[in-house]
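Chain by chain, the residues run as shown.
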Amino acid sequence: MVTTASNSRQDQQPAFVLHHYPFRETSLVIETFTRDFGRVALMARGARRPKSALRGVLLAFQPLLIGWSGKSELKTLHKAEWQGGYLPLRGLSLICGFYLNELLLKLLARDDPHDRLFAIYQETLVALAAGGEHAAILRRFEKNLLGELGYALTLDRDAELGAPIVAQCRYAYVVERGPVAVDGVAHQNAVELSGQTLIDMQSDDYTNAVTQQQSKALMRALINHHLGNQVLHTRSLLRDLQQL
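Note that the structure is predicted; figures quoted are calculated from it, not measured.

Let us now look at the overall build of the chain. From N to C terminus, the chain includes 6 helices and 8 strands. When the helices and strands of the chain are placed in sequence order, the string is β-β-β-β-β-α-α-α-β-β-β-α-α-α. Here the C-alpha coordinates of the chain stretch approximately 65 × 40 × 30 Å along the principal axes. A separation of at least 24 residues holds for 55% of the contacts in the chain among residues at least 6 apart in sequence. As displayed, the chain has an accessible area near 12400 Å², and 51% of this comes from carbon and sulfur atoms. Each charge class in the chain was averaged separately, 26 positive and 24 negative side chains, and the resulting centres sit 11 Å apart.

All right, on to the environment of Val 174 then. Along the chain, Val 174 turns up in strand β6 (residues 170-174). For Val 174, a relative accessible area of 10% puts it in the buried group. Residues Val 174 and Lys 71, 103 residues apart in the sequence, show an inter-C-alpha distance of 41 Å. Among residues more than four places away in sequence, those in contact with Val 174 are Val 180, His 187, Gln 188, Asn 189 and Ala 190.

Our next topic: the sheet that holds strand β1 (residues 9-23). Strands sit in the order β1-β2-β3-β5-β4 around a closed barrel of 5 strands; the barrel is mixed. Between one strand and the next, the sheet's axes are offset by a mean angle of 55 degrees, whatever the strand orientation. Across 6 bridges, the pairing between strand β4 (residues 64-69) and strand β5 (residues 74-82) is antiparallel. Bridging across to β5, Ile 66 finds its partner in Ala 80. The strands touched by helix α1 (residues 91-107) are β1, β2 (27-34) and β3 (38-44); relative to β1, the strand with the most contacts, the crossing angle is about 100 degrees. Along the sheet face, helix α2 (residues 115-129) touches β1 and β2 and points at about 60 degrees away from the line of β1.

Scanning the entire structure with this criterion turns up 8 aromatic pairs. On the numbers, 5.6 Å between centres and 50 degrees between planes, the contact of Phe 16 with Phe 118 is tilted. One end of the pair, Phe 16, is in strand β1; the other, Phe 118, is in helix α2, with 102 residues separating them in the sequence. Accessibility classification places Phe 16 together with Phe 118 in one group, the buried group. Consider the rings of Phe 37 and Trp 68, whose centres lie 5.4 Å apart with planes at 80 degrees: the pair is edge-to-face. With Phe 37 in the loop between β2 and β3 and Trp 68 in strand β4, this residue pair connects regions lying 31 residues apart in the sequence. Across this residue pair, the class does not change: Phe 37 and Trp 68 are buried. One aromatic cluster is present, formed by Phe 16, Phe 33, Tyr 86, Phe 118, Tyr 121 and Phe 141 through successive ring pairs.

Before going further, it helps to spend a moment on the packing of helix α3 (residues 134-148) against helix α5 (residues 209-227). Here α3 crosses α5 at 35 degrees, and the two axes come no closer than 11 Å. The element α3 and its partner α5 pack so that their crossing is left-handed. Along the contact surface, α3 presents Arg 139, Glu 142, Lys 143 and Leu 146, while α5 presents Ser 215, Lys 216, Met 219, Leu 222, Ile 223 and His 226. For the contact of α3 with α5, a count of residues per class yields 4 nonpolar, 2 polar and 4 charged.

Conventions we followed
Residues numbered from 1 in each chain as written. Predicted model: local features only at pLDDT ≥ 70, side-chain atom pairs only at ≥ 80, totals over all residues. Heavy atoms only, no water. Helix = DSSP H or I, 4+ residues; strand = E, 2+ residues; numbered from the N terminus. Contact = heavy atoms within 4.5 Å. Areas by Shrake-Rupley, 256 points an atom, 1.4 Å probe, with all protein chains shown as cover. Lys, Arg positive; Asp, Glu negative; His and termini not counted. Charge placed at Lys NZ, Arg CZ, Asp CG, Glu CD. Buried < 20%, exposed > 50% of the residue type's maximum accessible area, 1.4 Å probe, protein only. Pairing = 2+ DSSP bridges. Axes fitted to C-alpha atoms, helices over the stretch in contact; angles between N-to-C directions. Phe/Tyr/Trp six-rings, centres within 6.5 Å; stacked < 30°, edge-to-face > 60°. Left-handed = near helix turned anticlockwise from the far one by under 90°. Nonpolar A, V, L, I, M, F, W, Y, C, P; charged D, E, K, R; others polar.

Structure (structure tokens):
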């Protein structure tokens, strides 16, 4: 049950653990992604004790129902129940999962609800566990994430002329503007790509090898822009394992 916003106690909230780290001798601070409250930081008191009911439950990529109390930014976890039903992530899929979590940690503000993004995150974990094409799964998530944060990509029209994208034309994607036809004029902070890539990204089709390469370059540039000076540590792991 979700209580009113004025009440400091919440119960039965669907959530995932994004990250955790030790606090003092027996406790954990955990960053969670919740369905109705967005990113919430919680103190799990005594969670590291051998007989704690929370020990072994607060795992990444597994669906939980949690409850907490408190009005400060760091609230107190008082309940966490594993909901089951998700296959574990392994190998490259596991690294991709950590990449998703790092994106959410660094781009989502705390206590900012994104219920649609929560559902997309769930679907993405299922796709990774099922062994889908990793690059395509990540591009779809990145695109949806930016859209949910208010930075939706323009993929269907020329940002300068308003004309529909032409598959055979070349475009420079200008950050915070969108694609403009390449006309011999240099565009700062722009990624050059084909009209076909824009069309493919609009329909979430990443089967074409050129689209895979160009969409990766575009999404990296856009995410870097919105991250500012923050560094994505999982990206270097992905780069070492496979060119995504």
